[in-house]
Amino acid sequence: MASSPFVVRKAAVLGAGVMGAQIAAHLVNANVPVLLYELAAKEGDPNGNVARAIDNLRKLEPSPLAVRATADQIEWANYDQHLTALKECDLVIEAISERMDWKRDLYAKVAPHIGEGAIFASNTSGLSINQLAQALPEALRARFCGVHFFNPPRYMHLVELIASAQTQPALLDVLEAFLVTTLGKGVIRAKDTPNFIANRVGVFSMLATLHHAQRLGIGFDVVDDLTGARVGRPKSATFRTADVVGLDTFAHVVNTMAESLPQDPWHRYYALPDWLRRLIDAGALGQKTRRGVYRKAGAEIQVLDLASNDYRPSLGKADEAVVDILKSADPADKFARLRASSHPQAQFLWSIFRDTFHYCAVHLHAIAHNARDVDLAIRWGFGWERGPFEIWQSAGWQQVAAWIGEDLAQDRTMASVPLPAWAIEPGRSGVHGPAGSYSPTENTPQPRSTLPVYRRQPFPDRLVGEARSYGETVFENDGLRCWHTGDGIAVASFKSRLHTIGDDVLDGVLEAIEIAERDFTALVLWQTEPPFSAGANLKKDSGARRKEAPSSVGRLFKKLRREAESLALKAARQVGMADQLMAGRLAEVEKIVEKFQAATQSLRYSTIPAVAAVDGLALGGGCEMILHCDRAAATLESYIGLVEAGVGLLPAGGGCKEAAMRAAHEARGADLFPFVRRYFEVIAKAEVARSAEQAKEFGYLRAADPIVMNRFELLTVAKAQARALAESGYRPPLRPRSIPVAGRSAIATLQAYMVNMLEGGFISEHDYLIGCKVATVICGGDVEGGSLVDEDWLLDLERTHFMELLATEKTQARIDHTLKTGRPLRN
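Definitions and cut-offs
- Sequence positions are assigned chain by chain, starting from 1 and proceeding in written order.
- Given that this is a predicted model, residues contribute local features only at a pLDDT of at least 70 and side-chain atom pairs are listed and counted only at 80 or more, while totals for whole chains, interfaces and linings are drawn from all residues.
- Heavy atoms throughout the structure, all of them, feed into the side-chain values; hydrogens and water do not.
- Here a salt bridge means any side-chain nitrogen of Lys or Arg lying within 4 Å of a carboxyl oxygen belonging to Asp or Glu.
- Helix and strand definitions here come from DSSP, where helices need a minimum of 4 consecutive H or I residues and strands a minimum of 2 consecutive E residues; each element is numbered from the N-terminal end.
- The buried label goes to any residue with under 20% of its type's maximum accessible area, the exposed label to any with over 50%, and the partly exposed label to all in between, with areas taken from a 1.4 Å probe on protein chains only.
- DSSP bridges decide pairing: two strands pair if at least two such bridges lie between them.
- Centres within 6.5 Å are what make two rings of Phe, Tyr or Trp a pair, Trp counting through its six-membered ring; a difference in plane orientation under 30 degrees is then read as stacked, over 60 as edge-to-face, and the rest as tilted.
- Each residue gets a pLDDT score, which is the predictor's confidence in that residue and runs from 0 to 100.
- The contact criterion used is simple: two residues touch if any of their non-hydrogen atoms lie within 4.5 Å.
- Interaxial angles span 0 to 180 degrees and are taken between N-to-C directions of axes, which are lines fitted to C-alpha atoms, for helices over the stretch in contact.
- Here, nonpolar core means buried Ala, Val, Leu, Ile, Met, Phe, Trp, Tyr and Cys residues that are tied together by side-chain atoms lying within 4.5 Å of each other.
- Expected helix span is taken as 1.5 Å per residue step, with the number of steps being one fewer than the number of residues.
- Whether a crossover is right-handed comes down to one check: with the strands pointing away from the viewer, does the path from the first strand over the helix to the second run clockwise; if it does, it is right-handed.

Looking now at the pattern of salt bridges. Under the criterion given, the structure shown has 52 salt bridges. Between Arg 337 and Asp 324 there is a salt bridge; the shortest N-O distance is 2.9 Å. Separated by 13 residues along the polypeptide, Arg 337 in helix 13 (residues 331-340) and Asp 324 in helix 12 (residues 320-326) bring together distant segments of the chain. Several salt bridges converge on common partners, so that one network encompasses Arg 339, Arg 354, Asp 355, Glu 406 and Asp 407.

In structure tokens form, the structure reads like this:
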């Protein structure tokens, strides 16, 4: 195995339940052929059970499939007819229910059919890998391990990799490389202890939350408001998360801990509360049964109230005094104020953090190889912004350790469980630093993995305390930094919040192109963290290193709205002045639109190749930047779309022009209308692709654009694309002088389609106006079908109709509403 690369030509997943089917879906997302096994149906088609499981994948939201048609690539299989097909598979993943006896029975059935060089892995969430290995023949045990995906497998970055005592070390290395690059996962090697790392720590944190909420009498809805985004965790927080996971599943994980860890100092936390048992016994299991801690009654969300043992409206919120504490940007100040406060909600938060810090410190040596593995496991598996050790270190290691010690001295049940010696040694400032993360078994910092696969990650997920330097700066303004790492490729990274595109970003793009043409072989647009870009900056200046102030575009939109409203009161005698003022403001906006078009055109016709490295949202202007690069490398989780219609506008940074040009290219002399209509629909409906694969279907990405599964490898892949273009003797494309357009007849057909939508109540009158203007631009204006135009003609149409929409009261209302609420307005 070590002498040649491990290639998964085909995989098999045993078990078509919730996890098994979604693991199979993610394998085909990565273009890995897969067999999905399930018990043969007792009646009808023997593959009926697996067929239903695959059909259900198409209905799940968020979708486990990159595009719904991907489900057709999963092969059906059952244990009665298809066991011999396992010999074709290089990787076999078992994902049946968490029953040791059921797994052992299945292993006995499939083991004789697993190929000699294949890896066999269990997706168990917490059962002992060593015990499972004993159910296998001796020869297969060396090729067996645990590979624990997190739900939903497509979206959760974490996979825990667990060896048994007999697993070949080389097997883990090649499997880790496959999981990292091919499936895009963050791999943590966990020790074979109950629930491994993420579930052990994450579930304990939830149990501590249950314990202290009950002790302090805090309602479930208030707890969720306190333990979600306010503390850097997912919005689902604690009890909503339990409902999503399934209260029965949560109880199973807790019971595993209770049964497997009888000597744990926190064992009393592992007792399920009576209210949870009652819900499970009543079949109220959470989201899957539409009732759990929460339920929906009509349009109202209700929450279980323990005092009445009934549901009430979910209206509980964190107290403003506690919210004020949580807003502190200084973690040391925040924790000092929480601990000092007498408010029950503040005491609750301090208690759950203190217990989690204490628990992680005491158990680190048993469950993980180092502190980094704990923090990354919790971030990747539970969605925390920072892991528990990172939070502790940020708040001041020595001070927090002293506070924990003081609290332990006053708690008779925990006084005998002090912090370990390493945690309180003098001078310790944390567990993460430039040399690595603390390992209790080695009593020294442990550096990151040196496996070759990680050479593809020049900037891995950074922990608090780790140094990070993004190359050498060659140019920087308030909106963009242009830099390089000595490889001849310039990288441009936006600095604005959500990487929105304002005036300074546009200036930066134009300057970066000029510098790259002069001093480098290629230019890559890459952000240090997602999203790629949330689009044009309607509200704030894109400067990231100073206090945010309204940008030129944002100021103009707001002033235009305020001044128009004020002048409306005097319209009878001052219409002329109002029109003049409106025209003046709009002229300033039009200059910015012209600059945007100049920036995208400069990307298209630069003398060096330009590559967009796309991850996360790429909306509006961000999408237009991508459309004008020579190539895009996009992570699977790239959500790309021209969404301007949602704020009453149309794409005017070259987006409509590109739609018209791409439609003409794809038609190849045939009837243009079907191709134009496809682009019209995605633009007029402001549709966003739900994956990079779907972005190809929408025409936002080219067929040749590579899809990258691991976002930390994106820059490497993008640079490889740029380098290949440069080394092939790159020349920019010739400017098209004759672009065939669909013309006025196609505009009329699209307008008729929209009239039906309007009369059916599916769109508003302003939606109709926006759609008409989109149709006019991408059809080339009021010309005969088949007329030939150039890019400038299309860009002028874009700009003209953008400005006409901007001048309307309803578009201004949409923009104003979006700026104030963050939500679209349909008017």
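Below, the discussion takes up the pairing of strand 6 (residues 144-149). In terms of residue burial, strand 6 counts as a mostly covered element, since six of its six residues are buried. What you see with strand 6 is no split at all: Phe 144, Gly 146 and His 148 on one side and Cys 145, Val 147 and Phe 149 on the other are buried throughout. As paired elements, strand 6 and strand 7 (residues 158-163) share five bridges and run antiparallel to each other. Its bridge partner being in strand 7, Val 147 is matched across the sheet by Leu 161.

Under the counting rule described, the total for this entry stands at 31 aromatic pairs. Pairing Trp 350 with Trp 403 gives two aromatic rings, centres 5.8 Å apart and planes at 90 degrees, and the pair type is edge-to-face. Note that Trp 350 is positioned in helix 14 (residues 344-367) and Trp 403 in helix 17 (residues 397-409), a separation of 53 residues in sequence. You can call Trp 350 buried: its relative accessible area is 1%. For Trp 403, a relative accessible area of 11% puts it in the buried group. With a centroid separation of 5.9 Å and 80 degrees between ring planes, the pair formed by Phe 459 and Trp 483 is classed as edge-to-face.

This next bit is on the confidence of the model for the chain. It should be kept in mind that the predicted coordinates are not to be read in detail where pLDDT is low. Within the chain, residue pLDDT values average 92, and 94% of them lie at 70 or more. With pLDDT under 50 throughout, residues 540-582 is counted as low confidence; its partners more than four residues away or in other chains account for 66 contacts.

Here we have three strands laid out as an open sheet, ordered 12-13-14, and antiparallel in their pairing. The open sheet has two edge strands with one neighbour each: strand 12 (432-433) and strand 14 (444-446). In the sheet, strand 13 (residues 436-439) pairs with strand 14 via three bridges, with the strands oriented antiparallel. Bridging across to strand 14, Ser 439 finds its partner in Thr 444. Its contacts with the sheet put helix 15 (residues 371-382) on strand 12, strand 13 and strand 14, and the angle it makes with strand 13 is roughly 110 degrees.

Counting 119 residues, the largest nonpolar core has Tyr 37, Phe 120, Phe 389 and Trp 392 as the members making the most contacts within it. The element best represented in this core is helix 14, accounting for 13 residues. Val 509, Val 589, Ile 608 and Ala 652 belong to the second-largest nonpolar core, a separate cluster that totals 89 residues.

A word on helix 18 (residues 503-519). Here helix 18 spans 24 Å end to end across 17 residues, near enough to the 24 Å set by a 1.5 Å rise per residue. Considered for burial, the residues of helix 18 that qualify are Asp 504, Val 505, Leu 506, Gly 508, Val 509, Ala 512, Ile 513, Ile 515 and Ala 516.

Next up on the list: the sheet that holds strand 5 (residues 119-122). Taken in spatial order, the eight strands of this open sheet run 3-2-1-4-5-6-7-8, and their pairing is mixed. On the outer flanks of this sheet lie strand 3 (74-78) and strand 8 (186-190), each paired with one strand and no other. Looking at each pair of strands side by side, their axes are set apart by 25 degrees on average, direction ignored. Sheet contacts for helix 3 (residues 100-110): strand 1 (11-14), strand 4 (91-94), strand 5 and strand 6; angle to strand 5, the most-contacted strand, approximately 165 degrees.

Neither face of strand 18 (residues 522-525) is open: one carries Ala 522 and Val 524, the other Leu 523 and Leu 525, and all of them are buried. Direction of pairing for strand 17 (residues 489-494) relative to strand 18: parallel, over a ladder of four bridges. Note that in strand 18 the partner of Ala 492 across the bridge is Leu 525. Taking the sense of rotation as the criterion, the β-α-β connection linking strand 17, helix 18 and strand 18 turns out right-handed. Pairing geometry for strand 18 and strand 19 (residues 610-619), over three bridges, is parallel. Bridge pairing links Val 524 to Val 611 in strand 19.

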